[in-house]
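# Remarks on the overall topology
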Amino acid sequence: MKALEELVGILARLPGIGRKSAARIAFHILKSDDQYAALLAERIGALKNQVRFCSTCGSYTEEDPCPVCSSPVRDKTVICVVEQAQDVMTIEASREYRGVYHVLGALLSPLDGVGPEALKLDRLLDRVRDQAVSEVVIATNPTVEGDTTALYLKKVLEGSNARVTRLATGIPVGGDLEYADRLTLARSFRGRVPL
Ligand SMILES: [Zn+2]
């Protein structure tokens, strides 16, 4: 059955889904009513059509600029720098942070050949300069790549008026922002330290 095999092949490429789980999902879709299968296909298509990147901060959004960038109550003089667009949603869920964001899109990893040109730094530097930013909070994961990137950003921002801070306690070393619980993340925002 070519259609089934092809679907299993595609599903197995999802993170955390092995071939066995992929087959289980495919059979589940096959057994469910036509409406569900059509809705699933439609939603997946809509996700890619409707969600794009904010041209200011780089986070996921349906309107450009995103609700955070266009909000009159968010503090535009504080920029939180994260690795991935989904990190913005994680931090927003903690409800602790009232500034704006900047998504790097990658972390420095010299061993893997990822240099500074992979990071979207020009836009960050423009924003720091044009919006009289007073603080840049670096919220990259506490991994080797996250730390290397934080130190590099600190160096790049040296000539600006912004002080550079980093999320401090709470996030385990080698951990991932995505898996930090809301309270832990809120506490690390309050306890951020100068870099
Ligand atoms: Zn934005």
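Residues numbered from 1 in each chain as written. Predicted model: local features only at pLDDT ≥ 70, side-chain atom pairs only at ≥ 80, totals over all residues. Heavy atoms only, no water.

The next subject is the domain arrangement of the protein chain. In terms of domain boundaries, the protein chain breaks down into domain 1 (2-50) and domain 2 (60-194). Computed over C-alpha atoms only, the centres of domain 1 and domain 2 are separated by 34 Å. (Domains from an automatic or database assignment.)

Among the structural elements, Ser94 can be located in helix H5 (residues 85-94). Ignoring sequence-local partners within four residues, the contact set of Ser94 consists of Arg182, Leu185 and Ala186. (Helix = DSSP H or I, 4+ residues; strand = E, 2+ residues; numbered from the N terminus. Contact = heavy atoms within 4.5 Å.)

Here Leu153 is to be found in helix H7 (residues 144-156). Leu153 sits 109 residues away from Ile44 along the chain, and the two C-alpha atoms are 36 Å apart. Among residues more than four places away in sequence, those in contact with Leu153 are Val81, Leu104, Leu121, Leu124 and Ile138.

Evaluation of the coordinates by the stated rule reveals eight salt bridges. A salt bridge links Glu42 to Arg43; the nearest nitrogen and oxygen atoms lie 3.5 Å apart. What makes Arg43 partly exposed here is its relative accessible area of 47%. In this structure, Arg163 and Glu135 form a salt bridge, with 3.2 Å as the shortest nitrogen-oxygen distance. Here Glu135 lies in strand S5 (residues 135-138) and Arg163 lies in strand S6 (residues 163-166), a separation of 28 residues in the sequence. For Glu135, a relative accessible area of 5% corresponds to the buried category. (Salt bridge = Lys/Arg side-chain N within 4 Å of Asp/Glu carboxyl O. Buried < 20%, exposed > 50% of the residue type's maximum accessible area, 1.4 Å probe, protein only.)

Turning our attention to the packing of aromatic side chains. Here the structure, examined in full by the defined rule, presents two aromatic pairs. Consider the rings of Phe53 and Tyr60, whose centres lie 5.3 Å apart with planes at 20°: the pair is stacked. (Phe/Tyr/Trp six-rings, centres within 6.5 Å; stacked < 30°, edge-to-face > 60°.)

Our focus in this paragraph is the packing of H5 against helix H8 (residues 182-190). One can describe the packing of H5 onto H8 by two numbers: an axis separation of 8 Å at closest approach and a directional angle of 90°. Between H5 and H8, the crossing angle belongs to the class labelled roughly perpendicular. Listed contacts from H8 to Thr90, Ile91, Ala93 and Ser94 of H5 are Arg182, Leu185, Ala186 and Phe189. Counted by class, the contact of H5 with H8 contains five nonpolar, two polar and one charged residues. (Axes fitted to C-alpha atoms, helices over the stretch in contact; angles between N-to-C directions. Parallel < 35°, antiparallel > 145°, perpendicular 65-115°, else oblique. Nonpolar A, V, L, I, M, F, W, Y, C, P; charged D, E, K, R; others polar.)

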